[in-house]
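# Structural overview for review
Spelled out from the first residue to the last, the chains are:
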Amino acid sequence: MDGIRWDLLFNPELAWESLPFVMSGIGYTLLISIVSMAAGLVLGFFIALARTSKFSILSWPARTYISFMRGVPILVILFLLYFGMPVIGVQVPALNAALIAFSINSAAYIAEIIRSALSSVDKGQWESSKALGLTYWQTMYGVVLPQSVRIAIPPLGNVYLDIIKATSLAAIITVPDIFQRARIVGGREFDFMTMYILVALIYWGICSLMTVFQNYLEKRYEEYL
């Protein structure tokens with residue numbers, strides 16, 4: 001242990017001086033995570049409906065999509081879009097590749113969460129709504145969704161936190177997010193440890209704020225208990 005240079009582990013002065021430059025990439029981090037989560041929610045909702053459909057022409061493609069996206073690393077999807085598509089003559093900009101990759105990947109996980117949340121609502125709710133003359137979408141919007149949202153919030157929050165952390169992979173395809181900017185400083189100053197610790201603290205702070213928001217939403221929907 002005497003040979004370890006603890007003084008080289010973290011340089012507070014370099015971290016403080018580099019903070020504005022690193023934080024200038026937070027817009028990309030938040031843009032990718034927010035857009036991907038929003039798109040994933042929309043796609044995931046309809047994939048979940050297809051997944052639970054009685055028609056195999058809808059359910060089997062949805063099952064296959066979910067299985068594929070959950071079984072392939074997001075980094076592979078990023079590379080397929082950014083490095084693979086030019087092979088067939090389609091050039092996808094780095095930011096667009098990241099947005100598409102994280103959206104279609106998160107949709108698979110979100111679809112399973114929504115499917116589980118919807119199926120957890122008692123079937124009697126559907127029967128009662130049908131007896132009252134409500135249509136499928138009226139029942140879904142006014143009866144089922146408010147109850148299933150409460151159930152889905154915790155796992156959906158976890159998906160969003162995973163997306164935030166996974167956006168660091170976009171740096172590999174040159175998206176100038178906070179991790180990419182930290183790598184630039186680390187290479188310039190020959191001090192990657194300081195920059196990696198700094199960016200770890202930044203991600204921790206972002207995720208902590210999102211957790212506070214998640215807790216607020218959970219309390220907000222407690223009325224549907």
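Note that the structure is a prediction, hence the values are computed from the model and not measured.

## Focus on helix 8 (residues 178-189)
- End to end, helix 8 covers 16 Å across twelve residues, agreeing with the expected 16 Å (1.5 Å per residue, within 8%).
- Those residues of helix 8 that are buried are in contact with helix 1 (12-23), helix 2 (26-51) and helix 9 (192-220).
- Phe190 occupies a position one or two residues after helix 8 and carries a positive phi of about 55 degrees.

## Some details on the packing of aromatic side chains
- By the definition in use, this model includes six aromatic pairs.
- Considering the side-chain rings of Phe79 and Phe83, the 5.0 Å spacing of their centres and the 75 degrees angle between planes classify their relative orientation as edge-to-face. With Phe79 and Phe83 both in helix 4 (residues 74-84), this residue pair falls four residues apart, about one helical turn.
- Taking relative accessible area as the criterion, Phe79 reaches 33% and is therefore assigned partly exposed.
- With relative accessibility at 45%, the residue Phe83 sits in the partly exposed group.
- Seen from their ring centres, Phe192 and Tyr196 are 5.7 Å apart, and the 35 degrees between their planes marks the pair as tilted. On the criterion of helical spacing, the pair formed by Phe192 and Tyr196 is a turn pair, its members being four residues apart in helix 9.
- On the basis of relative accessible area, Phe192 is assigned to the partly exposed category, the value being 38%.
- Taking relative accessible area as the criterion, Tyr196 reaches 34% and is therefore assigned partly exposed.

## Looking at the environment of Ile184
- Position of Ile184 relative to the elements: it lies in helix 8.
- Taking the relative accessible area as the measure of exposure, Ile184 reaches 42% and is therefore partly exposed.
- Linking Ile184 and Gly89, residues 95 residues apart in sequence, is a C-alpha distance of 30 Å.

## Here's the deal with the environment of Ser24
- Its location among the elements puts Ser24 in the loop between helix 1 and helix 2.
- Exposure remark for Ser24: the relative accessible area of 40% places this residue in the partly exposed category.
- Placed 115 residues apart in sequence, Ser24 and Thr139 show a C-alpha to C-alpha distance of 45 Å.
- There is a polar contact of 2.4 Å between the side chain of Ser24 and the backbone oxygen of Phe21.

Conventions adopted
In this convention, every chain numbers its residues from 1, walking through the sequence in written order. Where totals are concerned, whole chains, interfaces and linings use all residues; where local detail is concerned, this predicted model gives features only for residues with pLDDT of at least 70, and gives and counts side-chain atom pairs only at 80 or more. The side-chain quantities take in all heavy atoms of the structure and omit both hydrogens and water. Runs of H or I in DSSP of at least four residues are treated as helices and runs of E of at least two as strands, each being numbered from the N terminus. The span one expects for a helix is its residue count, reduced by one, times 1.5 Å. Should any heavy atoms of two residues lie within 4.5 Å, those residues are considered in contact. Within 6.5 Å between ring centres, the rings of Phe, Tyr and Trp (the latter by its six-membered ring) count as paired, and their orientation is classed by plane angle as stacked under 30 degrees, edge-to-face over 60, tilted in between. Relative accessible area decides the class of each residue, using a 1.4 Å probe on protein chains only: under 20% of the type maximum gives buried, over 50% gives exposed, and in between gives partly exposed. Two N or O atoms count as a polar contact when they lie within 3.5 Å, although within protein this holds only if one can serve as hydrogen donor and the other as acceptor, and sequence-adjacent residues are included solely when both atoms are side-chain atoms.

What is shown is where atoms sit, not what they do.
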